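The primary structure of each chain is shown beneath.
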Amino acid sequence: MKKSIFIALIGAAVLGLTSCTTNNSSSSASSSSSSSSTVSSSSSSSVSTSSSSRPSSTVTSSSSSSSSSSSGISGGLNISNKAGNYYSSINFNTTPSNVKASLSKLISSNFNSISYDGLKSAFKETDTKDDRTIWDMYSNYNWNTSKVCGNYGKEGDCYNREHSVPKSWFQEAKPAYSDLFHLYPTDGYVNGRRSNYAYGEVANAKYTSNNGSKLGNGVEKYGYTGTVFEPIDEYKGDFARSYFYFVTRYSDLNKTSGDGKIHFTNNSYPGLTKYSINLLLTWNSLDPVSEKEINRNQVIFEKYQHNRNPFIDIDGLADFLWGDLKTI
């Protein structure tokens, strides 16, 4: 009787060990699917910030929400592997203002400025769909690449070059005037209706384009109820990341003329108004980086400006830089 009890106990222990081993193996497999090689920072493989609210973090390789892989910083950042070693000089183990300053120097160095006229040729590579028609974020028209404005009288006539950050806000200063990371091909008529108004969320639309972009008074939620232009949800993140790039790349540029003061300040950090931080971080979260942006970023880097938009490459970067300042 004692011998049979002893055998039963041994059998139970073996079964328990087998179960534990299986669970650990499963956990290990799950971990390895999101983590492989280690990517070192410029000063340390462990990344933290001076703020006690931010956890220190280790850089590992992981899969991004898009189909491309990325190098992840478990404290909140994921760096696209498409960027290669482009960000290897950046020390993320410091304050948000220092990181922003370092990124500004990086994306400004070795910058190849193209001409304003050269944008028309560039758009044929940076902003085309699979069928080679121009990708317009303000309307639903599929533009033949030859349909550049010219004159227009209504939506659907032609497309032109839209400064998502209106050129009058920064006095048409170069090279910002023709920087592809904030210029896009859009319907000429809709571009004209947008004019130099700030981006925002519309309470009551005075005008709506055929893809749903709206012009009207802003909602009270963000604290500005003047006239704003609201792109559709599908592209709100694109424009938010364009603004994050612009305020980082051109940190010393005066960009507060007209409605520019609704979005920007003239200090290097944070560089964005409270309105802008609350609105654009919301849009950045609502509309994550798409394959459209990833491909555009790569073409601009390889063929045109030879710099990158870090807010496309580094998931979590906008929240790292401005998240502590968000109040909504």
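In this report, we go over the structure that sits alongside the text.

Cut-offs used in this document
- Residues numbered from 1 in each chain as written.
- Predicted model: local features only at pLDDT ≥ 70, side-chain atom pairs only at ≥ 80, totals over all residues.
- Heavy atoms only, no water.
- Phe/Tyr/Trp six-rings, centres within 6.5 Å; stacked < 30°, edge-to-face > 60°.
- Helix = DSSP H or I, 4+ residues; strand = E, 2+ residues; numbered from the N terminus.
- Buried < 20%, exposed > 50% of the residue type's maximum accessible area, 1.4 Å probe, protein only.
- Pairing = 2+ DSSP bridges.
- Salt bridge = Lys/Arg side-chain N within 4 Å of Asp/Glu carboxyl O.
- Expected span 1.5 Å × (residues − 1).
- Disulfide = S-S within 2.5 Å.
- Contact = heavy atoms within 4.5 Å.
- Polar contact = N/O pair within 3.5 Å; in protein donor to acceptor, adjacent residues only side chain to side chain.

In the structure shown here, the tally under the stated rule is 24 aromatic pairs. Aromatic pair Tyr189 and Tyr207: ring centres 6.1 Å apart, planes at 70°, arrangement edge-to-face. A residue pair is termed long-range when its members are at least 10 positions apart, and Tyr189 in helix H4 (residues 188-194) and Tyr207 in strand E8 (residues 202-208) qualify at 18 residues. The partly exposed category is assigned to Tyr189, whose relative accessible area is 23%.

Moving on, we come to the sheet that holds E8. Reading across the sheet, the four strands line up as E7-E10-E9-E8 and stay open at both edges, with mixed pairing between neighbours. In this open sheet, the two edge strands, each paired with only one partner strand, are strand E7 (198-199) and E8. Relative to strand E10 (residues 227-230), E7 is paired through two bridges, and the arrangement is parallel. Within E10, the residue paired with Tyr199 across the bridge is Phe229.

Let us now look at the pattern of salt bridges. All chains considered together, the criterion is met by 10 salt bridges. Note that Asp233 and Lys236 form a salt bridge whose closest N and O atoms lie 2.8 Å from each other. Taken together, the residues span about one helical turn, with Asp233 and Lys236 both in helix H5 (residues 233-249) at a distance of three residues. Looking at Lys236, the relative accessible area reads 3%, which means it is buried. It is possible to trace a salt-bridge network through shared partners that takes in Lys214, Glu230, Asp233 and Lys236.

Attention now goes to H5. Spanning 17 residues, H5 covers 25 Å between terminal C-alpha atoms, matching the ideal 24 Å at 1.5 Å per step. Burial analysis of H5 places 15 of its 17 residues in the buried class, the great majority of the element.

In this structure, Gly150 follows Cys149 across a cis peptide bond, with omega equal to 10°. Cis geometry marks the peptide bond from Tyr269 to Pro270, where omega comes out at 5°. Tracing the backbone through its elements, the reader meets Pro270 in the loop between helix H6 (260-263) and helix H7 (274-286). With a phi angle near 55°, Gln171 is a residue other than glycine that sits in the positive phi range. Exposure remark for Gln171: the relative accessible area of 46% places this residue in the partly exposed category. With a phi close to 55°, Glu172 is a non-glycine residue in the positive phi region.

All right, on to the pairing of E8 then. Note: E8 against strand E9 (residues 214-218), five bridges, orientation antiparallel. The partner of Asn204 across the bridge, within E9, is Asn217. In textbook terms, the turn of a hairpin is the stretch between consecutive antiparallel strands, and for E8 and E9 this stretch comprises five residues, one of which, Gly212, has a positive phi near 105°.

This part takes up the state of the cysteines. A full pass over the atoms with the stated rule returns one disulfide. With a sulfur-sulfur separation of 2.0 Å, Cys149 is cross-linked through a disulfide to Cys158. Around the S-S axis, the bridge from Cys149 to Cys158 shows a dihedral of about 100° and counts as right-handed. Looking at Cys149, the relative accessible area reads 17%, which means it is buried.

This brings us to the environment of Arg194. The topology assignment puts Arg194 in helix H4. Counting along the chain gives 30 residues from Arg194 to Ser164, while the straight-line C-alpha distance between them is 9.6 Å. Aside from chain neighbours lying at most four places away, what touches Arg194 is Tyr138, Glu162, His163, Ser164, Pro166, Trp169, Tyr199, Phe229 and Tyr243. Engagement of the side chain of Arg194 in a polar contact is seen with the side chain of Tyr199, the distance being 3.5 Å.

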